[in-house]
Amino acid sequence: LIIDPVVVACSYSGTSVSSYNYASTYDSFGNIYNAAGADMGYPTTLGAFKQTSNKNGDCVISAFNATGTTKLFATYLGGDSTEYPIDINVSKNVISILGVTNSKNYPCSQNAVDTILGGASDLFVTKIDTTGSILFASTLMGGSLNESIFQFSSAGYASINGEMVIDKNGNTYVISNTSSSNFPTTLSAIFNFKQGPTDAVVFKLDSSLSTLVWSTYLGGTNSEGGSIIRLDGTGGVYCSGTTNSTDFPTTPGVVRPVKTGPVGQSDQFVSHIGPTGNILLTSTYVGSSTDDVGYFM
């Protein structure tokens, strides 16, 4: 327990207009990696994958050394419309980025699971090298409406939801949410059909982002937002988020099988999905008599 932590590094990094940092992580050397959204004019580095932005704003991926004194690289990432990063991960010299795009020409790899923007916005998963210059793999994931945006309470609050984790073999596990009734799912999914206006979605991609290993909706007849995902050590995942449904799928013997708050207010959910994505092992509500939102685990 550190009572008075010391600031090791702190620096400005942005454009003359606006930039917003959405996610950060670090590697085994302590180098710092940021995923932000920025307008034109962000100071990118020589050899960056994309050195200039469109007028609507792109993701910006940047890296700094452990003391924050040297910028290792900075690159834009996006197409001709707007991108927002959601999460970033560094493993085995590969940077993985989860985000949302509105661009019809978002950069995808040739053998990607999906290369065509299905609606106003799609999720994307992209892998680049730790110099910010090489695109290893990239795919879209979405249906004909919007992905990731979720209104989580009766007060009208909304957020961009999602998280990813990478296993030792480079497979990517993602949770988010969708308004699309045709979000790509696999044959043996827990739910092949959207249950409400917005459902959580949980899916697994192989290391090359060329195969959808499994994918499922997760929700009830109202709305859900998926925010959190963790590996269980056997190939399955724990996932969590926020639900407004009174019939979110729960399992017998759990802490709270029935929603606590009244209709229109939100509870957190915690669910455990098996390694093939087709079994809901355990699932429970967590909440009080007013709004509860699941953010971290």
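Residues numbered from 1 in each chain as written. Predicted model: local features only at pLDDT ≥ 70, side-chain atom pairs only at ≥ 80, totals over all residues. Heavy atoms only, no water.

Novice: Describe the pairing of strand 15 (residues 224–231), naming the residues involved and giving the relevant values.
Specialist: The side chains of a regular strand alternate between the sheet's two faces. Extensive coverage of strand 15 is indicated by the burial of six of its eight residues. As paired strands, strand 15 and strand 16 (residues 237–243) are joined by seven bridges and run antiparallel to one another. For arginine 230, the partnering residue across the bridge sits in strand 16 and is tyrosine 238. Taking the residues between adjacent antiparallel strands as the criterion, strand 15 and strand 16 are bridged by five residues, where glycine 233 takes a positive phi near 90°. (Buried < 20%, exposed > 50% of the residue type's maximum accessible area, 1.4 Å probe, protein only. Helix = DSSP H or I, 4+ residues; strand = E, 2+ residues; numbered from the N terminus. Pairing = 2+ DSSP bridges.)

Novice: Kindly report on the sheet that holds strand 1 (residues 19–26), identifying the contributing residues and their values.
Specialist: In space, the four strands of this open sheet follow the order 1-2-3-4, with antiparallel pairing throughout. Every interior strand has two partners, whereas the edge strands, strand 1 and strand 4 (71–77), have only one. Taken over all neighbouring pairs, the strand axes of this sheet differ in orientation by 20° on average, direction set aside. In this sheet, strand 4 lies alongside strand 3 (residues 58–64) in antiparallel orientation, the contact comprising six bridges. If you follow serine 62 over to strand 4, its bridge partner there is alanine 74. (Axes fitted to C-alpha atoms, helices over the stretch in contact; angles between N-to-C directions.)

Novice: Before we move on, can you summarise the layout of surface pockets with the specific residues and values?
Specialist: Considered as a void within the structure, the largest pocket measures approximately 330 Å³ in volume. In this structure, the largest pocket is lined by 14 residues; those nearest its centre are Ile86, Gly162, Ser227, Tyr295 and Phe296. With three residues, strand 5 (residues 83–91) is the single largest residue contributor to the lining of the largest pocket. Every element with two or more residues in the lining of the second largest pocket is listed here: strand 1, strand 2 (32–38) and strand 3. Looking at the lining of the second largest pocket residue by residue, the class counts come to eight nonpolar, seven polar and no charged. (1 Å grid on protein atoms, 1.4 Å probe; cavity = no way out; pocket = protein on both sides within 12 Å on 5 of 7 lines; lining within 4 Å. Points joined across faces, edges and corners; volume = space filled by probe spheres on them. Nonpolar A, V, L, I, M, F, W, Y, C, P; charged D, E, K, R; others polar.)

Novice: Now, about unusual backbone geometry: what can you tell me, with residues and values included?
Specialist: Among all residues except glycine, the phi angle is most often negative; among peptide bonds, the trans geometry is most common. Located in the positive-phi region is asparagine 93, a residue other than glycine, with phi close to 65°. Residue position: asparagine 93 is located in the loop between strand 5 and strand 6 (94–101). Even without a glycine there, the phi angle at leucine 209 is positive, about 60°. Within the element layout of this structure, leucine 209 appears in the loop between strand 13 (199–205) and strand 14 (212–218).

This is a description of form; function is not addressed.
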